[in-house]
Amino acid sequence: MHSPSSRDAKLVLRGGHRYRSPERMAAGAKERRAYLAIKRMLDMTAAAIGLVLLAPLLLLVALLIKLEDPRGAVFFSQTRIGKDGLPFRMFKFRSMVHNAEELLQELLARNEIEGAMFKMKDDPRITRIGKFIRKTSIDELPQLLNVLRGEMSLVGPRPPLPREVAEYTAHDRQRLAVVPGCTGLWQVSGRNELSFAEMVELDLHYIRRRNTRFDLLILLRTVKVLAGARDAF
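The model shown is predicted, which means the values in this text are computed figures rather than measured ones. The residue count restarts for each chain, going from 1 along the sequence in the order it is written. Given that this is a predicted model, residues contribute local features only at a pLDDT of at least 70 and side-chain atom pairs are listed and counted only at 80 or more, while totals for whole chains, interfaces and linings are drawn from all residues. Note: side-chain values were computed over all heavy atoms of the structure, leaving out hydrogens and water.

So, about the nonpolar core. Among the buried residues, those of types Ala, Val, Leu, Ile, Met, Phe, Trp, Tyr and Cys that are joined through side-chain atoms within 4.5 Å form a nonpolar core. Relative accessible area decides the class of each residue, using a 1.4 Å probe on protein chains only: under 20% of the type maximum gives buried, over 50% gives exposed, and in between gives partly exposed. Counting residues in hydrophobic clusters, the biggest one holds 34 residues, and the most contacted among them are Phe93, Ile133 and Tyr206. Put simply, the parts of the chain that give this core at least two residues each are α2 (22–53), α3 (55–68), β4 (87–93), α5 (128–135), α6 (143–148), β5 (153–155), α8 (196–209) and α9 (212–228). Only runs of H or I of at least four residues qualify as helices and only runs of E of at least two qualify as strands under DSSP, and these elements are numbered from the N terminus. No other element matches α8, which puts five residues into this core. If near-sequence neighbours (up to four positions away) are discounted, Phe93 is found in contact with Leu58, Val61, Ala62, Ile65, Val74, Phe75, Phe76, Ile133, Ile138, Asp139 and Pro142. Contacts are assigned to residue pairs that have any heavy atoms within 4.5 Å of one another.

Printed below as a string of structure tokens:
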């Protein structure tokens with residue numbers, strides 16, 4: 001009878017699925033903890049440095065937003081769903097008129113993306129300064145505060161709205177298994193040219209593959225995408 005090798009003894013197929021020995025599972029868990037610790041350290045360092053270096057730009061944008069629409073606030077906070085389905089308040093620069101949420105119901109029928117997400121290229125609620133900061137993604141910079149607070153990471157699936165999560169299938173909900181990010185794999189792989197289903201698959205691919213090198217690669221590709229700013233709306 002064939003005597004299994006040591007490698008066969010540690011990695012065998014059970015029911016058509018590859019089985020990992022307790023030793024390999026423990027090693028994998030240790031690697032995952034190390035990755036998460038490094039990820040958190042990089043998040044906090046980059047977010048803190050970014051807020052300091054970008055302070056003049058942030059103040060200028062805040063002034064322009066207030067000058068164009070004095071009735072509205074400079075920042076826009078919105079409930080989003082984070083890791084394990086827990087809600088949190090996500091910060092952005094306000095890029096729409098002050099009553100944008102009230103006008104949303106009238107525009108839902110004109111959604112340009114299939115699935116549990118709303119996107120509209122020529123959204124009439126967007127202000128003049130809002131168009132610029134959206135195109136350049138400057139409106140997302142206040143999310144560095146969410147990163148410092150641990151509610152978001154630099155890289156991860158984008159945090160969805162509660163109404164979007166209400167439409168999720170069990171498959172879609174898998175993207176809530178990790179801390180959401182400021183940028184992610186689908187943002188550097190086509191952005192708004194992708195369908196919702198394609199976005200979910202890219203997020204799940206990231207979750208399965210994620211490591212420090214992959215995160216850094218996505219950040220570098222994000223810089224390249226923002227330089228072109230082709231799909232930011």
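Continuing now.
To continue, consider the packing of α3 against α5. Here an axis means a line fitted to C-alpha atoms, over the contact stretch when the element is a helix, while the angle between two N-to-C directions is reported on a 0 to 180 degree scale. The N-to-C vectors of α3 and α5 enclose an angle of 150°; their axes lie 9 Å apart at closest approach. Considering the angle they form, α3 stands roughly antiparallel to α5. Each of Val61, Leu64, Ile65 and Glu68 in α3 lies in contact with α5, whose residues at this interface are Arg128, Ile129 and Ile133. Geometric relationships in this document are graded by angle, where less than 35 degrees denotes roughly parallel, more than 145 denotes roughly antiparallel, 65 to 115 denotes roughly perpendicular, and other angles denote oblique.

A patch consists of residues exposed above 30% relative accessible area that lack any salt bridge, with like charges linked at up to 9 Å and nonpolar side chains (Val, Leu, Ile, Met, Phe, Trp, Tyr) linked at up to 5 Å. Note that accessible areas follow from Shrake-Rupley with a 1.4 Å probe, and for residues the cover is restricted to the protein chains shown. We define a salt bridge as a side-chain nitrogen of Lys or Arg found within 4 Å of a carboxyl oxygen belonging to Asp or Glu. On the surface, Leu57, Leu60, Leu63, Leu64 and Leu67 cluster together to form a nonpolar patch covering roughly 440 Å² of accessible area. Along the polypeptide, Leu60 turns up in helix α3.

The next thing to look at is the pairing of β4. The element β4 is largely enclosed, with a buried count of five among its seven residues. Strand pairing is assigned whenever DSSP identifies at least 2 bridges connecting the two strands. Where strand β3 (residues 75–81) and β4 come together, seven bridges link them in antiparallel fashion. By the bridge assignment, Phe75 is partnered in β4 with Phe93. Where β3 folds back onto β4 in an antiparallel hairpin, the turn is made up of five residues, including Asp84, whose phi is positive at roughly 60°.

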